[in-house]
Each structure stands twice: as structure tokens, then as C-alpha cells.
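Architecture and fold: a report
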Amino acid sequence: MSTKNERFSGPGPDQIYDDFLKKGVFSLPKCQDCQEFHFFPRVVCPHCGSFNLEWTAVSGKGEVYSTTTVRRKPERGGNYNVCHVTLEEGPRLMSRVEGVDPLDVKIGDQVSAVIKNDEDSSFIVFVPAQGV
Ligand SMILES: [Zn+2]
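Here the residue numbers are simple positions, counted from 1 along each chain's written sequence. Where totals are concerned, whole chains, interfaces and linings use all residues; where local detail is concerned, this predicted model gives features only for residues with pLDDT of at least 70, and gives and counts side-chain atom pairs only at 80 or more.

What follows deals with the overall build of the chain. Where helices and strands are cited, they refer to DSSP runs of H or I of at least four residues and of E of at least two residues respectively, numbered from the N terminus. Within the chain, the regular secondary structure consists of 1 helix and 7 strands. Ordering the α and β elements of the chain from the N terminus gives α-β-β-β-β-β-β-β. Counting only C-alpha atoms and orienting by the principal axes, one finds that the chain spans roughly 55 × 30 × 20 Å. In the chain, which comprises 132 residues, the share counted as buried stands at 20%. Long-range contacts, defined as pairs at least 24 residues apart, comprise 48% of the intrachain contacts of the chain with a sequence gap of at least 6. The exposure label follows from counting other C-beta atoms within 10 Å of a residue's C-beta, where the C-beta atoms are placed from the backbone and the thresholds are 20 or more for buried and 12 or fewer for exposed, leaving partly exposed in between. C-beta atoms are placed from the backbone for every residue, and two residues are taken to be in contact when these atoms lie within 7 Å.

With respect to the secondary-structure elements, Arg42 resides in the loop between β1 (27-31) and β2 (53-57). Separated by 15 residues in sequence, Arg42 and Ser27 have C-alpha atoms that sit 13 Å apart.

Here we take up the domain arrangement of the chain. A common way to state how big an interface is: give the accessible area lost once the parts meet. Taken as a whole, the chain is organised into domain 1 (12-57) and domain 2 (61-128). Where each domain starts and ends comes from a domain assignment, either automatic or drawn from a database. For domain 1 and domain 2, the distance between their C-alpha centroids amounts to 21 Å. Domain 1 puts 10 residues into the contact, and the matching count from domain 2 is 9 residues. When residues are grouped by polarity, Ala, Val, Leu, Ile, Met, Phe, Trp, Tyr, Cys and Pro land in nonpolar, Asp, Glu, Lys and Arg in charged, and all others, Gly among them, in polar. When its residues are assigned to classes, the side of domain 1 that touches domain 2 shows 5 nonpolar, 2 polar and 3 charged.

Put simply, a nonpolar core is a cluster of buried Ala, Val, Leu, Ile, Met, Phe, Trp, Tyr and Cys residues tied together by C-beta atoms within 7 Å. Counting 13 residues, the largest nonpolar core has Val64, Cys83, Val85, Val97, Val111 and Phe126 as its most contacted members. For this core, the secondary structure elements donating two or more residues are β4 (80-87), β6 (110-117) and β7 (122-128). If sequence neighbours within four positions are ignored, Val85 has contacts with Gly62, Glu63, Val64, Tyr65, Arg92, Leu93, Ser95, Val111 and Phe126.

So, on to the pairing of β6. By this definition, two strands are paired if DSSP reports at least two bridges between them. Strand direction decides the pairing type here: strand β3 (residues 61-70) and β6, joined by 3 bridges, are antiparallel. Across the sheet, residue Gly62 finds its bridge partner in β6, namely Val111. Here 7 bridges tie β6 to β7, and the two strands are oriented antiparallel to one another. Along β7, the bridge assignment pairs Ile115 with Ile124. Here β6 hands over to β7 after 4 residues, the two strands then running antiparallel side by side.

Checked against the element boundaries, Pro41 lands in the loop between β1 and β2. Along the backbone, Pro41 and Val114 are 73 residues apart, and their C-alpha atoms lie at a distance of 18 Å. Beyond its immediate stretch of four places on either side in the chain, Pro41 contacts Pro13, Asp14, Ile16, Tyr17, Leu28 and Pro29.

All right, on to the sheet that holds β7 then. One open sheet accounts for 5 strands, arranged β5-β4-β3-β6-β7; its pairing is antiparallel. Taken across any chain shown, the strands that pair with only one partner, and hence form the sheet edges, are β5 (92-95) and β7. The average undirected angle you get between the axes of adjacent strands in this sheet is 35°. Across 4 bridges, the pairing between β4 and β5 is antiparallel. Between N-to-C directions, angles cover 0 to 180 degrees, with each direction set by a line fitted to C-alpha atoms, over the stretch in contact for helices.

Following Phe39, the chain continues to Phe40 via a peptide bond in cis, the omega torsion being -10°. Its location among the elements puts Phe40 in the loop between β1 and β2. Positive phi, normally seen in glycine, also occurs at Gln35, with a value near 70°. Note that Gln35 resides in the loop between β1 and β2.

Quick look at the structure:
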């Protein structure tokens, strides 16, 4: 026996997030009560507890909040960057910056999001923002 809760029926927030990325849209839940975005996507606003969320495309613009270089031998793919990026809209996510030497990524760098597609998943990475 199970009870059905309409609030939690249908695809979960992770699935919706992935579906948007597969369509080429970087979208996050925005609370319609407090106007805050959040990440990871949830069914309840972590800022005010509201269920009144709406998926909203974000600019993809962000700033490097923290950065590190994971060192790897060249034959295993070479060094790569791991960072936290604070989006213009507020949420912070873990990702990586590509297109520059990982050691050149600095806190405060302006970056923009790019959607990457693997065989079975889509995810966000960042590249240095143009024109700054
Ligand atoms: Zn809220």
C-alpha cells in the first residue's frame, strides 16, 4: 500500500535538470515566493520552504569561488581543474574550468557555462568569459 502525494509525483528535480541540459538549456529552480535560485535542484526552496518553484533558464555567467588542480600524468589525461563557481543568479556549484591551463584558473575569474554531452549524461563545465 502506498499513498500518492501529488506534490512529489512525476519526474524528480534531478531528472528535470538533466532533461533541460539534454535540450541545451541550463535551467534551475527559482522560488516564486522569495525569488531565490538554488542548486542542487530540490522540490522545496531551501531558502524559505516554499513548494512554489519554477524552472528558469540562467545566464550561465559566473565567478570562480575556489579552485584547485588535480594532477595527473600526461598519459592519463594530464592535469585538470576542479572549482566552485558562483553563478550570477546566486547558486554555487562544483565544476571545472576548461580551455585554459588548470594552474591559470584564479579565484574571481569570470567564466561562462557550457553544456557538455557524454553518451548518457549532460553536465555543466565553464570556460573563461569573453570580453572581460
Ligand atoms: Zn523561497
